[in-house]
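Residues per chain, in single letters:
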Amino acid sequence: MRSKILLGFTALALAAAPAMARPFDEVVKDGTLRVVLYEQNAPFSDMKDGKPYGIEVDLAEAIAKALKVKAEIRLVDAGENVDGDFRLNLWKGDLAGSPLADLMLHVPIDKLLAIRNEQIFMTRPYYDERLAFAWRKNAVENFETVGDIGKTPIDVEGNSASDAMLLTAQGGQLRENLKHFKSFEEAAKAFLAGDAPILAGTRANLEAALFAAKASKDEIGIKELRLGGPVKLSWEIGGAVKSDSRDLGYAIGDAMTAMAENGSLKSIFEKYGVEYAAPKGY
Amino acid sequence: MRLRDQFLTAAGALALLVGAAAMSAPQAKEPEKAAASGGVSDQDILNDAKTPEDVVSYGLGPQAQRYSPLKAINKETIKGLVPAYSFSFGGEKQRGQESQALVKDGVIYVTGSYSRMYAIDSRTGEKLWQYEARLPEGILPCCDVVNRGAALYKNLVIFGTLDAKLVALDQKTGKVVWKKDIDDFKSGYSYTAAPLIVKGKVITGVSGGEFGVVGRVEARDAETGELIWQRPVIEGHMGTLNGKESTMTGKVNETWPGDMWKYGGGATWLGGTYDPETNLIYMGTGNPGPWNSWLRPGDNKWTASRIALNPENGEIVWGFQTTPHDGWDFDGVNEFVPFDLNKGGKTIKAGATADRNGFFYVLDRTNGKFISASPFVEKINWASGIDENGRPKYIAENRPGDPSKATGDEKKGKSVFAVPSFLGGKNWMPIGYSPDTKLFYVPSNEWGMDIWNEAVSYKKGAAYLGAGFTIKPVFEDHIGSLKAIDPATGKVVWNYKNKAPLWGGVLTTGGGLVFTGTPEGFLKAFDAKTGEEVWKFNTGTGVVSSPITWEQDGEQWIGVAAGWGGAVPLWGGEVAKSTAGINQGGSFWAFKLPKKLATR
């Protein structure tokens, strides 16, 4: 905690003037690409032993390498919504005066989100995210449809996509099944310790948690269910830059395309136990 | 030498005070030993409303009536009120200044935005010391970087910071005496309210709206900061007393489904009031989470409520829920102000509160029994009124829709126009009560909101069920409305309309005046009986704080922090038009009525 506060201050001191998000040539000239990633967002990004760690940390470094610059990664808390994160990290800044980033990763590539945030420009997507369930095969006999859930308890991170989906799906009939946790990590820990027979999360969350726990695929399965409700069951993830830095966005997109084609994107995901799911049409 | 002078002044003032108290209130106890050492004693705090030469507590006394008996400034003499000095908070940090200043022994203690504190000479405006909290990067305060004020106790001045710490400074030097974490700011906790001192304990709530934040009230030893008791406000949670579990708040699942009580919200972000007559602390509690009410059937206690607590052990003595099963973000933290209600020839120990939901409630403060409720803003449409038990008569079609029944491509759910908006008929800005006019003075806002389920919504890069909203004025010519309300009848006696939303507290005086600030930059004074505007002064930036008054060297002074900000400028749309072009600032203004002009 304390060391992190100090880290923050150093970053502030280095950026004497409130740093602006910058177009491609300025990033190249400066030699650094400032990237903002979410904290507590494993397997994509989190702090581990005092250092940023995860799929998007590796991705940010690979992008920076392709642009022949150094990545300067900062982990931030997620705000109330992604629109707010754009404002805080890319174009306006926060009330504490933290420096703006050139690039934000883990951005849902959604046309409506892009339209209502004209200050930012989205890159091409690099991953297709889906909501899913992990289930203990010996505890749930059949797990093919929503009806198979019945009254089976479900471990879930509170206020997460899966939580919003489960609270509203099927007219709300699954609400009483939910066992809420403060983070996905805590929910997964409880599930793996034998708490509820079902764990809800994103596919990447689930795969990485099972991989880290060395769980057997014969005992625990992963399943996507088609639940009816207002919350999206899948979306694509990409990056965002400030709208006056489109050339930077294109250069990053080109770097991602090259990585998708030469298989290095897939290897990054696999390192964390996540099966690479290419966005549709890429 | 200076120290000695102050000691003498304090002792002199105290002697006067004890004399006055002894005449009017024979039960008043002897001042405690701490007072003799020149500090602020418990007795000083209890007597604050009757000692106009100082302001040692938030609200001008623990009941927070914001009434001073000072009479020199009245509607005739106020023409002579002149600025004495303006003190700049300095730095590049401006934004909203919501602080109520304190004044004791020739020193003003005032907090500024970004968790700063200043001690200034109350006669000259010269700075004595300044304290700036070192705020970590990554704090995400929801609604501006404000602070609402400090508390004085013995030789300490205590205030809370945006990263959820409580800091006690030495009044003379500004040096830290103790510092405690209220909670972890990384989990979404913050602190902006003025702490309350009750019998040597510093009483605080918590700020924060993130998942997992549960509102609670805490008491610490004011001299050391050591925790004495904690009381979570959501049923099912255990309280603590002296480091051990005490009792559970309510019963598990009585008014919540599943395990949703665990993360129920109810942040106690505005702090509380205290009534020495009933020996109860009154706290308001915030809205429940998640925001959409359909996801949590039940009353969801004690969110959007007033609760009365025993200061010794933190037990809840009574609770009254203003908005059961809140669906509009009617964050019911509003202060509960004790007063004596004269009704049918009887005096009732009552208390009043002007709720976010637009209704002005009068309750029996001994037991929380409902006495009356009346609308204090116009065109309320989420409820048709409050029934004889104090429960809202909901208008079903004006509750935001059930997301699980949402249809269509964007699955927005039903959009409703609800009045008031989630910023409330009244927000944080404190009301005042004058025992002379027997009226409450309520800074209110006339606005509504379109609110709907936002299906295309993402949090931390993942799909989410968000809310979309647009705040809209209800009238074309004004949003702000300062109202005088008769608590015996619920009637609005007068109404001053202001173009921009009102966001500052009020002060009432024995001179028959009501003071409040406006975003347009004015500190204004009104005739407490008629609402006639009798004086105004432009501070050069918006006024969104609570004014004070005190007497010094035989003259009456008025003080107010100035600096535009708060939650209003963060919300765009048509409301922003009324405040467009208002510049930020950060200063403390002092005014005085020179002696020669006061005689009449």
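Fair warning: this is a prediction, and the values are worked out from it, not measured in the lab. (Residues numbered from 1 in each chain as written. Chains lettered and ligands numbered in written order. Predicted model: local features only at pLDDT ≥ 70, side-chain atom pairs only at ≥ 80, totals over all residues.)

Engineer: What is the right way to read the overall build of chain A from this model?
Structural biologist: Along its length, chain A carries 10 helices and 11 strands. At 20 Å, chain A has a C-alpha radius of gyration in line with the 19 Å of a compact globule built from 282 residues. The 282 residues of chain A split such that 47% are buried. Counting contacts in chain A only where the partners sit at least 6 residues apart, residues at least 24 apart contribute 76% of the total. (Helix = DSSP H or I, 4+ residues; strand = E, 2+ residues; numbered from the N terminus. Rg over C-alpha atoms; globule rule 2.2 N^0.38 Å. Buried ≥ 20, exposed ≤ 12 C-beta atoms within 10 Å, placed from the backbone. Contact = placed C-beta atoms within 7 Å.)

Engineer: Explain the confidence of the model for chain A here, please?
Structural biologist: The predicted model of chain A has a mean per-residue pLDDT of 90, with 93% of residues at 70 or higher. Contacts from residues 1–18 of chain A, a stretch scored under 50 in pLDDT, to residues over four places away or in other chains number 15 contacts. (pLDDT = per-residue confidence, 0-100.)

Engineer: How should I be thinking about the sheet that holds strand 33 (residues 466–473) of chain B in this particular structure?
Structural biologist: The pairing of strands in a sheet comes from backbone hydrogen bonds and takes either a parallel or an antiparallel form. Residues and elements named next belong to chain B. Taken together, the 3 strands give an open sheet; going across it, the order is 27-30-33, and neighbouring strands pair in antiparallel fashion. Edge strands, defined here as strands with exactly one partner in the open sheet, are strand 27 (416–418) and strand 33. Each neighbouring strand pair of the sheet contributes to a mean axis angle of 25°, computed without reference to strand direction. Inspection of the sheet shows strand 30 (residues 447–454) paired to strand 33 by 8 bridges, in the antiparallel sense. Bridge pairing links Gly-448 to Lys-472 in strand 33. (Pairing = 2+ DSSP bridges. Axes fitted to C-alpha atoms, helices over the stretch in contact; angles between N-to-C directions.)

Engineer: Just checking my understanding: could you explain the domain arrangement of chain A for this structure?
Structural biologist: Residues and elements named next belong to chain A. On domain assignment, one finds that chain A holds domain 1 (2–127 + 235–271) and domain 2 (130–223). The C-alpha centroid of domain 2 is placed 29 Å from the C-alpha centroid of domain 1. Taken together, the contact pairs 4 residues of domain 1 with 4 residues of domain 2. Looking at the side of domain 1 that touches domain 2 residue by residue, the classes come out as 3 nonpolar, 1 polar and no charged. (Domains from an automatic or database assignment. Nonpolar A, V, L, I, M, F, W, Y, C, P; charged D, E, K, R; others polar.)

Engineer: Sorry, what's going on with the interface of chain B and chain A here?
Structural biologist: When the parts of a complex come together, some accessible area is lost, and that lost area is often taken as the interface size. Contact with chain B, which involves 35 residues of that partner, is made by 45 residues of chain A. Those elements giving two or more residues to the side of chain B that touches chain A turn out to be strand 31 (458–459) and strand 32 (462–463) of chain B.

Engineer: Where do I start with the sheet that holds strand 38 (residues 522–527) of chain B in this structure?
Structural biologist: All names here are of chain B. Reading across from one edge, 1-36-37-38-39 is the order of the 5 strands in this open sheet, with mixed pairing throughout. With partners counted over all chains shown, the strands left at the sheet margins are strand 1 (67–68) and strand 39 (533–538), one partner each. One ladder, built from 5 bridges, connects strand 37 (residues 513–517) with strand 38; its direction is antiparallel. The residue of strand 38 that forms the bridge with Leu-513 is Asp-527.

Engineer: Help me understand unusual backbone geometry in this model?
Structural biologist: If a residue is not glycine, its phi is most likely negative; likewise, a peptide bond is most likely trans. Residue Ala42(A) is joined to Pro43(A) through a cis peptide bond whose omega torsion reads 5°. With respect to the helices and strands, Pro43(A) occurs in the loop between strand 1 (32–38) and strand 2 (46–48). With an omega of 0°, the peptide bond running from Val419(B) to Pro420(B) counts as cis. Residue placement: Pro420(B) occurs in the loop between strand 27 and strand 28 (432–434). The residue Asp49(A) is not glycine, and still its phi comes out positive at about 50°. Following the sequence through the fold, Asp49(A) ends up in the loop between strand 2 and strand 3 (51–53).

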